[in-house]
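Each chain, written out:
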Amino acid sequence: MYVGSQNQLKAYDAYLIEHGYTIEQLIDYASDALLKHISSYQHIGILVGPGNNGADGLSLGLKLDETGKDVCIYYIGDYSRFSQGNRYYFNQCLDQLRMINLDETFIDEKELNRHDVIVDAFFGFGLNSAPRGLYKSVIDLINLSYRGDVIAVDCPTGLNCNTGTPYSTVLFAQKTIALSALKEGFLNPESQVFTGDVVVEELAIDNPFMEAGLYALFDKQDAQSMIKQRRYDGYKNMYGIDLLICGSHQYRGAPILSAKGALYSGAGIIKVMSDEKVIDLLPLSLPECIGISRYKPITKEELQGYDAILIGCGLSLEKESYLLTSDVLVNANSPLVIDADALTILSTNMSLLKDISVPVILTPHIGEFKRMWPYEEGADLMEEATAFAKAYDVILVLKGPHTIITDGTEHYRIASGNKAMAVGGMGDTLAGMITSFLGQGYAPLSAALLGTYIHGFTGDILARKRYTVMPELLAEQIPCAMYILSQKIEE
Ligand SMILES: NC(=O)C1=CN([C@@H]2O[C@H](COP(=O)(O)OP(=O)(O)OC[C@H]3O[C@@H](n4cnc5c(N)ncnc54)[C@H](O)[C@@H]3O)[C@@H](O)[C@H]2O)[C@H](O)CC1
Ligand SMILES: [K+]
């Protein structure tokens, strides 16, 4: 299943049109996909707006009429402002269907309740602000007085399709048929009260989702088929020797959380290169890990022999951390995960990324991302993420609700994770997990996807009975979560 923001969905339609489809054809495919969801009803009212969402409703009305249904179209506004696709179907409807212009004849409660379903094709992903005037009046009337089902085409009118939050007026639907892809806002669980059940219907064409920039939703099934079974004859070196260059005298907890994330997600051997104070603490909290005292400068030789390296968690922003980060970026010859303070340091000299020949995964939260990329407030985060990954040839794990992961060519949103996980230290655990999967031999993009999915999945299990989820507890639960996924256990 794919997901897109308003911009991306507009670009998706433009891409299809550039590649030979006409808008009238696309609307025809859209109404084909809608038909089966409405065909069990007999008396059908369709609310039609001025754009292509309205056109979907008109084309659907024609098809329902052909099968003997009682169809009535309610429209607002003047023909000259309708979209090209809308006019094409509007003209056909004029000859065949009962058409009510709400500017002239407003519907009352009785007329409304003649229908056993109301199809909302007022606005789809094109809506930019609250519905006003007659649109608002009709929506208010339906919300208050209509007793049948409301089915929304693509997005309920009045719901912001990027955020999943309502404008001041919104139509409550029992069901929403999302065309081609999920709208980004539907990832927000709070949107469900407006959308009702969401069904995604793809158009019956060769859909170029990924090429055209839409994001795939990486879900439980994807994780189950990606996760490898442990081998009967496996031994520790087979599961990776990972180096975590993390922690400082100031931050002693972060490296422990990263190491726990790495260890509990299956790493063979973990070495933590850090400040003396962290090294002293390590055997007490994590006796499985090996401590290495950190001296400057870090040479190429010291970075040899690892399957994956993580730098950044709890590193601090002292001068010495700047030197350390550039030493590691210049000398590393294993796949590299860059997190937290190392990202802030990197943001002061992004050209360091240009000369790296090993695969690099960056794991910023939005604040760290903005330091690295000229992000303008309100810009489309998924589009910016893709552009960033392409520009620097890295894998970007942009942390947030339904974390964004892209290498510039493939793009994903992670289906797991929840609000109880917004706790300091959670990112350190995640960075350790991704490093662990890199070290276990997963391709870099797979390591990022699997690490992030399992992190969220473990958090989801814990959050069923918790208001907040602590990173340390989460780390300790990773083996159970991985067992559930690897054995395909239904819960
Ligand atoms: N690939 C697909 O899945 C396809 C989906 N399709 C459908 O097309 C709509 C999007 O159509 P579009 O014409 O771009 O936008 P809308 O119909 O949602 O809106 C029309 C128009 O209205 C203006 N507008 C915005 N906000 C307001 C407001 N508050 N009040 C009044 N007017 C407003 C704005 O100018 C909009 O452009 C999508 O949802 C699918 O249903 C197609 O079938 C093609 C293939
Ligand atoms: K709609």
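Calculation notes
Residues numbered from 1 in each chain as written. Chains lettered and ligands numbered in written order. Predicted model: local features only at pLDDT ≥ 70, side-chain atom pairs only at ≥ 80, totals over all residues. Heavy atoms only, no water. Donors = N, O, S within 2.8 Å, 3.2 Å for Na, K, Ca; no water. Buried < 20%, exposed > 50% of the residue type's maximum accessible area, 1.4 Å probe, protein only. Salt bridge = Lys/Arg side-chain N within 4 Å of Asp/Glu carboxyl O. Helix = DSSP H or I, 4+ residues; strand = E, 2+ residues; numbered from the N terminus. Pairing = 2+ DSSP bridges. Right-handed = clockwise from strand over helix to strand, strands pointing away. Contact = heavy atoms within 4.5 Å. 1 Å grid on protein atoms, 1.4 Å probe; cavity = no way out; pocket = protein on both sides within 12 Å on 5 of 7 lines; lining within 4 Å. Points joined across faces, edges and corners; volume = space filled by probe spheres on them. Nonpolar A, V, L, I, M, F, W, Y, C, P; charged D, E, K, R; others polar. Domains from an automatic or database assignment. Polar contact = N/O pair within 3.5 Å; in protein donor to acceptor, adjacent residues only side chain to side chain. Core = buried A, V, L, I, M, F, W, Y, C linked by side-chain atoms within 4.5 Å. Near = heavy atom within 4 Å. Areas by Shrake-Rupley, 256 points an atom, 1.4 Å probe, with all protein chains shown as cover. Sits in = over half its atoms within 2 Å of the grid points.

Bringing the coordination of the potassium ion (ligand 2) into the picture now. Looking at the potassium ion (ligand 2), one finds its protein donor set to be Asn53 (OD1), Asp120 (O), Phe123 (O), Val153 (O) and Cys155 (O), positioned 2.6 to 3.1 Å from the metal centre. Read N to C, the donor residues that coordinate the potassium ion (ligand 2) are spaced as N-x66-D-x2-F-x29-V-x1-C. Take Phe123: its relative accessible area is 19%, and that puts it in the buried class.

For the structure on display, the rule yields 16 salt bridges. Taking the shortest distance from any N to any O, the salt bridge between Arg231 and Asp233 comes out at 3.0 Å. On the accessibility criterion, Arg231 (49% relative accessible area) is partly exposed. Each of the salt bridges in this network shares a partner with another, and the network as a whole consists of Asp70, Arg98, Glu111 and Arg114.

Within the chain, Asp154 stands out as a residue other than glycine whose phi angle is a positive 75 degrees. Along the polypeptide, Asp154 turns up in the loop between β6 (149–153) and β7 (175–179). The phi torsion at His402 lies on the positive side, around 50 degrees, for a residue other than glycine. Of note, His402 is situated in the loop between β17 (395–398) and β18 (404–406).

Before going further, it helps to examine the pairing of strand β12 (residues 269–274). Counting buried positions along β12 gives 5 out of 6 residues, so the element sits mostly inside the fold. Bridging between strand β11 (residues 241–245) and β12 involves 5 bridges; their strand directions are parallel. Across the sheet, Asp242 pairs through a bridge with Ile270, a residue of β12. Note on the crossover from β11 through helix α9 (residues 254–264) to β12: the handedness is right-handed. Direction of pairing for β12 relative to strand β13 (residues 290–293): parallel, over a ladder of 4 bridges. Each bridged residue has a counterpart across the sheet, and for Ser274 the counterpart in β13 is Ser293. Each parallel crossover has a hand, and for β12 linked through helix α10 (residues 276–285) to β13 it is right-handed.

All right, on to the environment of Asn53 then. Relative to the helices and strands, Asn53 resides in helix α3 (residues 52–66). In contact with Asn53, other than residues within four places in its own chain, are Asp120, Ala121, Phe122, Phe123, Gly124, Val153 and Asp154.

Here the largest pocket is characterised by a volume of approximately 1,400 Å³. Forming the walls of the largest pocket are 49 residues, and the residues nearest its centre are Lys399, Gly400, Pro401, His402 and Thr403. Going through the elements one at a time, α13 (366–372), α14 (381–392), β19 (411–414), α15 (426–439) and α16 (444–463) are the ones with two or more residues in the lining of the largest pocket. Here the lining of the largest pocket is composed, by residue class, of 19 nonpolar, 19 polar and 11 charged. Three or more residues apiece are contributed to the lining of the largest pocket by two domains, here domain 1 (2–208) and domain 2 (220–486). Within this model, the second largest pocket holds a volume of roughly 650 Å³. Contributing to the lining of the second largest pocket are 31 residues, with Asn52, Asn53, Gly124, Phe125 and Gly126 lying nearest its centre. Secondary-structure elements contributing two or more residues to the lining of the second largest pocket are α1 (6–18), α2 (23–38) and α3. Tallying contributions element by element places α1 first for the lining of the second largest pocket, with 5 residues. Partitioning the lining of the second largest pocket into residue classes produces 17 nonpolar, 8 polar and 6 charged.

Okay, the side chain of Gln440 next. Its location among the elements puts Gln440 in the loop between α15 and α16. By relative accessible area, which is 12% here, Gln440 ends up buried. A polar contact is formed between the side chain of Gln440 and the backbone oxygen of Ser265, at a distance of 2.9 Å. If sequence neighbours within four positions are ignored, Gln440 has contacts with Lys228, Arg230, Tyr239, Ser265, Gly266 and Ala267.

Below, the discussion takes up the nonpolar core. Among the nonpolar cores identified, the biggest contains 94 residues, and Ile338, Leu353, Leu362 and Phe388 are the most heavily contacted of them. For this core, the element with the highest residue contribution is α2, accounting for 7 residues. When residues of this core are assigned to domains, at least three fall in each of domain 1 (2–208) and domain 2 (220–486). Setting aside residues up to four positions removed in sequence, Leu353 forms contacts with Ile338, Leu346, Val360, Leu362, Tyr392 and Val394.

On to the site of ligand 1, then. Asp13, Asp56, Gly124, Asp154 and Ser180 are the nearest of the 21 residues found near ligand 1. Asn52 is positioned such that a nitrogen or oxygen atom in its backbone is 2.9 Å from an oxygen atom of ligand 1. Taking Asn53, its side chain carries an N or O atom lying 2.9 Å from an oxygen atom of ligand 1. About the coverage of ligand 1: the protein hides 81% of its 870 Å² of free accessible area. Its atoms largely coinciding with the cavity grid, ligand 1 occupies the second largest pocket. Those elements giving two or more residues to the shell around ligand 1 turn out to be α2 and α3. Per-element tally for the shell around ligand 1: the top contributor is α2, with 4 residues.

On their own, these measurements won't tell you what the molecule is for.
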